[in-house]
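# A look at the structure
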Amino acid sequence: MSANCTKSEAKKERASLPVLPVKTAPIAKSKTSRWRAGALIALNLLMILHIIQWRLMGTTVSPIEPSESMYTLQNGAVNAGFIFFTLAILATLIFGRFVCGWGCHIVALQDLCAWLLKKAGLKPVAFRSRLLIYIPLITALYMFVWPTIARALTKPESEPLFPAFTNHLITNDFWATFPPVWVAIPFLFIVGFVTVYFLGSKGFCTYGCPYGGFFAVADKFAPGKIRVTDACEHCGHCTSVCTSNVKVHQEVKKYGMVVDPGCMKCMDCVSVCPNDALYFGYGKPSIAIKKEGSGNYSLTWPEEIAGTLIFIASFFAVWNVYQVVPMLMAIGIAIITTFLALKSWRLLGVENSAFYARSLRTGGRFTLAGAAFLFFSAGWIFLNIHSGFIRYHESAGNQAYDRLQIPDELALAQADPREWLDAVAQDAVARGTYHFRQAARYGFISNVDAMPRLAWMEFLSGDAESAEMRLEETANLQSGPSQAISLYYRGAILNRLGQPIEALKSLDEAIALRPDLLSAKEEMGEALWRSGHRAEAAAIWAETLKTNDSLPIATKFAAGAYLALGDPEHAKNLDEKGDILIPADPYFHWVIGRRLENLGMNSLAEKHFAKAVQLNPAFELRRLNRRGDQK
């Protein structure tokens, strides 16, 4: 065709060529996915059988959970979790990160969630970050390495770096190191459905799992990798079926193998390759390969930095709030908060945006789905802010509580212990009471660990009635040993308030839960004595001394009881024995005196008041003030 032919002539000269359809082979179903699903289902069934066996027999093998390794490193307790984690890391150093893909119950949960979403027509899209990817490794170092470093920095020179190892392969308290069921269920929902929905398949593995942090490092040294032959045509089938969010086709083209440490060796990519070009084999580890940046990230660098700050703020806002949110659950919440905050910020500044192929904003106008997304994000972020508010007040209250140095025995010697508080203690009580009350007032649930501390501060501030009611409320929310302690303190305060009948009920419940709680038996004897059951009071003090004959308060109570009941010889022997047990401390003698005075055992009480003055003449003024108050 000449250069100066007309357009119409050129049209006529064009040859009409047939358009051939491009034949693209459909992506095959993975043959290994069923085997892996079967392995993960079997794993969960074994876990259930493990728990059932423990419930039926009372003892079982300790939990086969990597987190149990912390107790081996910190306390020397060699358990099944430590053995499993050690073997898993060694296996990963050889075969790569297959333990995660084939032997983790959280992976099973995430795969189930991704499968259900796909059945609903929603294919999870991977959220990719340059900085947040380091969260698992940092968490792992904090959990497993930092305690040893801290021990090395703080231990006396005479102590070894690692504690003596002890056998804890068998346990009778299987659930001791796990959160309660009512916390475990939302935890599994968050690390399962919520992270998969917002962050993609294996979202928690990528951004939250501390064990995966170690496995990812070990995988880089492993010779076992997904590798490729020359038959690869870069069709992308491998990437489309990868549930670990790995760009398989890109990596095998660049490096001849998959170098991403997120690869969990699920083998789906190998199974669906139409040319059988992929295989699992051994060779140079990925640590020896110079890698290039992928550029396939969801965030810009400013968003990465902002996201990191949001994650840190959210994590510390929710971690251990109400003393119930465990660290891994806090990580899951924080990474979701990061995603929602950044996505919402983008949504406010663009003309068009979508999520899961659903339009959120079109032509600058929000759709119903967009409004719902912003509403959900605002509610989620508000809960984070609220948790941070509660967490701040709980933390400040705990700091104030830790500043208190007044012994329990001294404070509980009388109904109003304010005379024993110096300026520092008074300030700590005022601050702690304020912060704990703010947390209790605005919190969504009761913090059963903070409530007894608040009750104690209310008692120290002179408000014994509020302290007693607070402890009653606390005991109703607790169970086991912690409930026994709250009931004991409530009974002691009721004794000081002159309510021995109510004190008896509380102390009886405490002793039923903790028969070894001898201080509760001392208080029960006091309640019995105050309510007129003097022989029973003497009997319970005598019983307490049979269990432990080195208790000075119980010894003095028994001495006063036998003196009042007409057995002066027995009383004298106990009184002399008690004198030997009591340290040369004016405060201790004052406590004994006040406790005896509360029971009307005045002659013995005066003896100890005099001893307190002898040891510290400043107590003379206290004795004079006390006599003035009695008049």
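Note that the structure is predicted; figures quoted are calculated from it, not measured.

Let us look at the overall build of the protein chain. The helix and strand tally for the protein chain stands at 29 helices and 9 strands. Expected size for 631 residues packed as a compact globule is a radius of gyration near 25 Å; at 34 Å, the protein chain overshoots this value by more than 25%. Considered along the principal axes of its C-alpha atoms, the protein chain spans approximately 135 × 55 × 45 Å. Counting across all 631 residues of the protein chain, residues that qualify as buried make up 46%.

For the rest of this paragraph, the subject is the sheet that holds strand S9 (residues 365-366). The 3 strands are arranged S7-S8-S9 in an open sheet whose pairing can be described as antiparallel. Looking at the sheet topology across the chains shown, the edges are occupied by strand S7 (353-355) and S9. Where S7 meets strand S8 (residues 358-362), 3 bridges bridge the pair, whose relative direction is antiparallel. Each residue of the ladder has a partner; that of Phe-355, found in S8, is Arg-358. Each of S7, S8 and S9 touches helix H16 (residues 368-402); the most contacted strand, S8, lies at about 90° to it.

Right, let's talk about the pattern of salt bridges for a bit. Summed over all chains, the structure comprises 32 salt bridges. Among the salt bridges present, the one from Lys-225 reaches Asp-219, with a minimum N-O distance of 3.8 Å. The exposure class of Lys-225 is buried, given its relative accessible area of 0%. Taking the shortest distance from any N to any O, the salt bridge between Arg-437 and Glu-458 comes out at 3.0 Å. Of this pair, Arg-437 sits in helix H18 (residues 423-442) while Glu-458 is found in helix H19 (residues 450-460), placing the two residues 21 residues apart along the sequence. Accessibility expressed as a relative area gives 0% for Glu-458, which makes it buried. Each of Glu-468, Glu-472, Arg-490, Glu-502 and Lys-505 takes part in one network of salt bridges that share partners.

The subject of this paragraph is the packing of H19 against helix H20 (residues 464-477). With their axes 8 Å apart at the nearest point, H19 and H20 run at an angle of 165° to one another. Judged by the angle between their axes, H19 and H20 are roughly antiparallel. Crossing geometry of H19 relative to H20 is assigned as left-handed. Across from Met-451, Pro-452, Leu-454, Ala-455, Glu-458 and Phe-459 in H19, the residues of H20 making contact are Ala-464, Ser-466, Ala-467, Arg-470, Leu-471, Glu-473, Thr-474 and Leu-477. Taken together, the residues of the contact of H19 with H20 break down into 9 nonpolar, 2 polar and 3 charged.

A few words now on the confidence of the model for the protein chain. The predicted model of the protein chain has a mean per-residue pLDDT of 92, with 95% of residues at 70 or higher. The low-confidence segment residues 1-15 (pLDDT under 50) makes 3 contacts with residues lying over four places distant or belonging to another chain.

Okay, the pairing of strand S5 (residues 224-228) next. Of all 5 residues in S5, 5 are buried; the element is thus mostly enclosed. Judged from the 5 bridges that link them, S5 and strand S6 (residues 278-282) form a sheet pairing that is antiparallel. Note that in S6 the partner of Ile-226 across the bridge is Phe-280.

Time to look at helix H2 (residues 32-57). Here H2 is 26 residues long and its end C-alpha atoms lie 37 Å apart, about the 38 Å a rise of 1.5 Å per residue gives. Along H2, the residues that are buried comprise Thr-32, Arg-36, Leu-40, His-50 and Trp-54. Tucked inside the fold, the buried residues of H2 contact strand S1 (60-61), helix H5 (98-103), helix H6 (105-119) and helix H13 (268-272). Looking one or two residues past H2, Gly-58 carries a phi angle of roughly 90°, positive in sign.

With that out of the way, let us pick up the packing of aromatic side chains. On inspection of all chains with the given rule, the structure shows 42 aromatic pairs. Ring centres 4.9 Å apart and planes at 85° place the aromatic pair Tyr-197 and Phe-198 in the edge-to-face group. Residue Phe-198 is classed as buried on the basis of its relative accessible area, which comes to 7%. Of the aromatic side chains, those joined through ring pairs into one cluster are Phe-127, Tyr-197, Phe-198, Tyr-207, Phe-339, Phe-355, Tyr-356, Phe-373, Phe-376 and Trp-380. Sitting over the face of the ring of Trp-54, Arg-55 holds its NZ or CZ atom 5.5 Å from the ring centroid.

Moving on, we come to the nonpolar core. Ranked by size, the top nonpolar core spans 70 residues in total, and within it Leu-412, Phe-459, Leu-460, Tyr-488 and Trp-541 carry the most contacts. Sequence-distant contacts of Leu-460, that is, excluding residues within four places in its chain, are made with Leu-404, Ile-406, Ala-411, Pro-417, Arg-418, Leu-421 and Val-429. If you look at the next biggest cluster of nonpolar residues, it comprises 64 residues, including Leu-40, Met-70, Val-325 and Leu-360.

So, on to unusual backbone geometry. Note on backbone geometry: most residues besides glycine have negative phi, and most peptide bonds are trans. Despite not being glycine, Lys-265 shows a phi value in the positive range, around 55°. Inspection of the secondary structure puts Lys-265 in the loop between helix H12 (248-255) and H13. Look at Lys-265 and you get buried, because its relative accessible area is 4%. In this structure, Tyr-322 takes a positive phi of about 60° despite not being glycine. Position of Tyr-322 among the secondary structure elements: in the loop between helix H14 (301-318) and helix H15 (327-349).

Here is what the cut-offs are and how they apply
Residues numbered from 1 in each chain as written. Predicted model: local features only at pLDDT ≥ 70, side-chain atom pairs only at ≥ 80, totals over all residues. Heavy atoms only, no water. Helix = DSSP H or I, 4+ residues; strand = E, 2+ residues; numbered from the N terminus. Rg over C-alpha atoms; globule rule 2.2 N^0.38 Å. Buried < 20%, exposed > 50% of the residue type's maximum accessible area, 1.4 Å probe, protein only. Pairing = 2+ DSSP bridges. Contact = heavy atoms within 4.5 Å. Axes fitted to C-alpha atoms, helices over the stretch in contact; angles between N-to-C directions. Salt bridge = Lys/Arg side-chain N within 4 Å of Asp/Glu carboxyl O. Parallel < 35°, antiparallel > 145°, perpendicular 65-115°, else oblique. Left-handed = near helix turned anticlockwise from the far one by under 90°. Nonpolar A, V, L, I, M, F, W, Y, C, P; charged D, E, K, R; others polar. pLDDT = per-residue confidence, 0-100. Expected span 1.5 Å × (residues − 1). Phe/Tyr/Trp six-rings, centres within 6.5 Å; stacked < 30°, edge-to-face > 60°. Lys NZ or Arg CZ within 6 Å of the ring centre and 35° of its normal. Core = buried A, V, L, I, M, F, W, Y, C linked by side-chain atoms within 4.5 Å.

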